[in-house]
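Structural characterization, general
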Amino acid sequence: MHNPHPVPLLFESSRPGRATAIFPKLDVPEVSLDALIPAGFRDEAPPELPELSELDVVRHYTNLSTLNMSIDANFYPLGSCTMKYNPKRNERLANFPGMAAQHPYQSESTLQGLLAILYDLQSYLAEIAGLHAVSLQPAAGAHGEMTALLVAAAYFRDRGEKRTKVLVPDSSHGTNPASATLAGFEVQTIKSDARGFVDLDELKKNIDGQTAVFMITNPSTVGLFDPQVGEIARLLHEKGALLYLDGANMNAILGVVRPGDMGADLMHYNPHKTFSGPHGGGGPGAGPIAVRDFLAPYLPAPVVAKGPDQTYRLDYDRPKSIGRVRAFFGNTGVLFRAYCYIRSQGPDGLKNVAKHAVLNANYLMSLVKDVYPVPYGDRCMHEFVATARGLAKERGVRAMDIAKRLLDYGYHAPTVYFPLIVPEALMVEPTETESRETLDAFAKALLAIAQESPEVLHDAPLNTPVNRPDEVTAARNPILSWKPPAR
Ligand SMILES: *Cc1c(COP(=O)(O)O)cnc(C)c1O
């Protein structure tokens, strides 16, 4: 696509010698490089790095950053992602040398502070889950799903049971069937009923002695809390199967409902969603899992343990463990931010997070649903899924056109075309961190866009550096490297 504001690469702006630092005359004896680093350990030529002044570099990155949408600059109602504001305080704390300068190969005795934090985080996450034991190792939500399913597989293997199937609802996130497949299970999809809940009759028909786990997302990806979850847990447990809760939507129920009380046996968290971890540009994330007591022996090793003498250590002595799923302690930087967030909110603060997230989503939904109907539910949890099907039929304007036009209005687009059970889906999640004024202005933009001519909408966005990239080519043939010209 035509790019009206091409930004040259740093390599293209490079000028030989521009980055050269000027050192004072040597006033100590000169030592040859060979004496310090033998030639065999050195590259033959210096690395081919661009040479620029500091000001060139600062401007380059500052200008680039304004070409993108970001939470710092724009409202980012990306459903299913909980793109809430990440308090800057947590960033500052995570950069304290006591955190940022730790090394995983330090001895445990010198890592007591970090281990104490991770230990406490394990217990907070267990408490919020209403479950018993936690592993902080997995590196993302999807990785947590896979790890938890490996834990379930180990549990059944240990009991001498051969269970091959994992059931997922048709509204589930794509990572659910993918994780189940990676963990060696066969996946079977369960239809949703007309209300957008799990179809109980379908579920009953499909639970049998081969069923290992049913993965539920509650609240679901259509933004609804499935009140049948207790009955679903009962049906599974009756047949010896387990209930997995995809905790990506924990933001809506923090401190209000515990997955363990719903009957879930195992779950993952997405700290980068729920606990304000930095979230974007592909990471980093984390995917801690929480499980019921009888599954604890199978958790990845090590877990952080506390001895009778109040010292913390990494406990590797777990003979039934599935083994390690991540190097060292997990993504401690993200986990530490989650710890700071949980501690700074406190129990009442976490409950308020959930209540305000639900209030904000319902408020926004009520402002737009006459023009963008919401097929499932009159009320929602933390997000709602509207449809642009009417606009598509009447005016040929699709969800994608609306999403693209929102960029011109200064808003990141909502999630589109997911979940699959809603045609022309626009999945909107405002989160608790947005003000009423922001929600009002966003609703106004959505309503204004519905009135605009299809010609404008088909060409949108008109004001961004790139307008409609070919997404398939961009995904299949990404250009990720640039070779500097020979000097
Ligand atoms: C985000 C999400 C996941 C996957 O989590 P990652 O951290 O992106 O791997 C799984 N399920 C649901 C419902 C999600 O929204």
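Just so you know, these numbers come straight off a predicted model, no measurement behind them. Every residue gets a number counted from 1 within its own chain, in the order that chain's sequence is written. Local features in this predicted model are restricted to residues whose pLDDT is 70 or higher, and side-chain atom pairs enter the listing and the counts only when it is 80 or higher, whereas totals over whole chains, interfaces and linings include all residues. Derived side-chain values reflect all non-hydrogen atoms in the structure, with water molecules and hydrogen atoms excluded from consideration.

1. Points about the domain arrangement of the protein chain
Its domain assignment divides the protein chain into domain 1 (10–65), domain 2 (88–344) and domain 3 (352–476). Domains are outlined according to an automatic or database domain assignment. Of note, the centres of domain 2 and domain 3, computed from C-alpha atoms alone, are 30 Å apart. Note on contacts: a residue pair is in contact if any heavy atoms of the two residues lie within 4.5 Å. Contact residues are listed per partner, giving 23 residues for domain 2 and 18 residues for domain 3. What gets called buried area is simply the loss in accessible area from a 1.4 Å probe that two parts show on being joined, summed for both. Buried surface at the junction of domain 2 and domain 3, both sides included, amounts to about 1500 Å², of which 67% is carbon and sulfur. Salt bridges are counted wherever a side-chain nitrogen of Lys or Arg sits within 4 Å of a carboxyl oxygen of Asp or Glu. Between the two partners, domain 2 and domain 3, sit zero salt bridges. Among the residues forming the side of domain 2 that touches domain 3, the class breakdown is ten nonpolar, ten polar and three charged. Under the scheme applied, nonpolar residues are Ala, Val, Leu, Ile, Met, Phe, Trp, Tyr, Cys and Pro; charged residues are Asp, Glu, Lys and Arg; polar residues are all the others, including Gly.

2. Topic: unusual backbone geometry
Across the chain, the bulk of peptide bonds are trans and the bulk of non-glycine residues have phi less than zero. Cis rather than trans, the peptide bond between Asn 218 and Pro 219 has omega equal to 0°. Strands here mean DSSP runs of E at least two residues long; helices mean DSSP runs of H or I at least four residues long; both are numbered from the N terminus. The topology assignment puts Pro 219 in the loop between β4 (211–217) and α10 (229–238). The step from Ala 460 to Pro 461 runs through a cis peptide bond, and the omega angle for that step is 0°. The topology assignment puts Pro 461 in the loop between α17 (454–459) and α18 (471–476). Positioned with a positive phi, Thr 82 is a non-glycine residue whose angle comes to about 45°. Residue placement: Thr 82 occurs in the loop between α3 (54–65) and α4 (88–94). For Ser 276, which is not a glycine, the phi torsion comes out positive at approximately 65°. Its location among the elements puts Ser 276 in the loop between α12 (271–274) and β7 (289–291).

3. Considering the nonpolar core
Side chains of nonpolar character tend, in soluble globular proteins, to be buried together. Here, the term nonpolar core denotes a set of buried Ala, Val, Leu, Ile, Met, Phe, Trp, Tyr and Cys residues that are joined through side-chain atoms within 4.5 Å. Per-residue accessibility, obtained with a 1.4 Å probe over protein chains only, is compared with the maximum for each type, and a residue is labelled buried under 20%, exposed over 50%, and partly exposed between these values. Core analysis: the biggest nonpolar cluster contains 61 residues, and Leu 203, Phe 214, Ile 232, Leu 243, Tyr 269 and Phe 275 have the highest contact counts within it. Secondary-structure elements contributing two or more residues to this core are α6 (112–129), α9 (200–206), β4, α10, β5 (242–246), β9 (312–315) and α13 (332–368). If one sorts the elements of this core by residue count, α13 sits on top with twelve residues. Viewed by domain, this core spans two of them, domain 2 (88–344) and domain 3 (352–476), each represented by three or more residues. What Phe 275 contacts, discounting residues up to four positions off in sequence, is Leu 125, Ile 128, Leu 254, Tyr 269, Asn 270, Arg 337, Ala 338, Tyr 341 and Ile 342.

4. A closer look at the environment of Ile 190
Topologically, Ile 190 is positioned in strand β3 (residues 186–190). Sequence spacing of Ile 190 and Ser 171 is 19 residues, and the spatial spacing of their C-alpha atoms is 8.9 Å. Setting aside anything within four residues of it in sequence, one finds Ile 190 in contact with Leu 167, Val 168, Pro 169, Asp 170, Val 198, Asp 199, Glu 202, Leu 203, Asn 206 and Phe 214.

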